[in-house]
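# Architecture and fold: a report
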Amino acid sequence: MKNRVNQLLTLGLGFAVLSKEQIEKSVSKLVEKGNLTKLESKQLIDDLLEKGEQSRQKVNDIIKDRVNQILSEMNIATKNDIHVLTERIQQLEEKLK
């Protein structure tokens, strides 16, 4: 039983794209078939949701890193670059007054 649960946990990334309702529905089927108890199903749902959130966060981090790398390679001004230049312009305008 525990081995089966561990196998299901390895599918966490696949479940990462599923909604909570879809996960609960899939796990309910396992309970109906007698593969899991109610208690095990609750823990499995929690584990899958946690793994899904972790996977989403990792993917988001990878995408952010890659986008930043591409923008850097394209030599495009960042929001911070623009902010710094705006402040410098304001300071120069004040000096000219």
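What this report covers is the structure whose coordinates are included nearby. This one's a predicted model, so the numbers in the text were calculated from it and none came from an experiment.

### What about the packing of helix α3 (residues 20-32) against helix α4 (residues 38-73)?
For the pair α3 and α4, interaxial distance at closest approach is 10 Å and the crossing angle is 145 degrees. Crossing geometry of α3 relative to α4 is assigned as right-handed. Residue-level contacts link Lys20, Ile23, Glu24, Val27, Leu30 and Val31 of α3 to Ser41, Leu44, Ile45, Leu48 and Leu49 of α4. Across the contact of α3 with α4, the residue classes tally to 8 nonpolar, 1 polar and 2 charged.

### What about unusual backbone geometry?
The phi dihedral of Asn75 is positive, around 60 degrees, even though this residue is not glycine. Relative to the helices and strands, Asn75 is located in the loop between α4 and α5 (79-96). What makes Asn75 exposed here is its relative accessible area of 70%.

### A look at a nonpolar patch on the surface
There is a patch of nonpolar side chains on the surface, built from Val59, Ile63, Val67, Ile70, Leu71, Met74 and Ile76 and spanning about 570 Å² of accessible area. Considering the arrangement of structural elements, one finds Val67 in helix α4. The exposure class of Val67 is partly exposed, given its relative accessible area of 41%.

### A word on α3
Look at α3: 18 Å from first C-alpha to last across 13 residues, which is about the 18 Å you get at 1.5 Å a residue. Every buried residue of α3 is accounted for by Ile23, Val27 and Leu30. Looking straight down α3, one finds that the buried residues subtend no more than 45 degrees of arc, so they occupy a single side. The exposed residues of α3 that point more than 90 degrees off its buried face are Glu21, Lys25 and Glu32. One or two steps after α3, the chain reaches Gly34, where phi turns positive at roughly 85 degrees.

Calculation notes
- Residues numbered from 1 in each chain as written.
- Predicted model: local features only at pLDDT ≥ 70, side-chain atom pairs only at ≥ 80, totals over all residues.
- Heavy atoms only, no water.
- Axes fitted to C-alpha atoms, helices over the stretch in contact; angles between N-to-C directions.
- Helix = DSSP H or I, 4+ residues; strand = E, 2+ residues; numbered from the N terminus.
- Left-handed = near helix turned anticlockwise from the far one by under 90°.
- Contact = heavy atoms within 4.5 Å.
- Nonpolar A, V, L, I, M, F, W, Y, C, P; charged D, E, K, R; others polar.
- Buried < 20%, exposed > 50% of the residue type's maximum accessible area, 1.4 Å probe, protein only.
- Patch = residues over 30% accessible without salt bridge, like charges linked within 9 Å, V, L, I, M, F, W, Y side chains within 5 Å.
- Areas by Shrake-Rupley, 256 points an atom, 1.4 Å probe, with all protein chains shown as cover.
- Salt bridge = Lys/Arg side-chain N within 4 Å of Asp/Glu carboxyl O.
- Expected span 1.5 Å × (residues − 1).
- Arc of directions from axis to C-beta.

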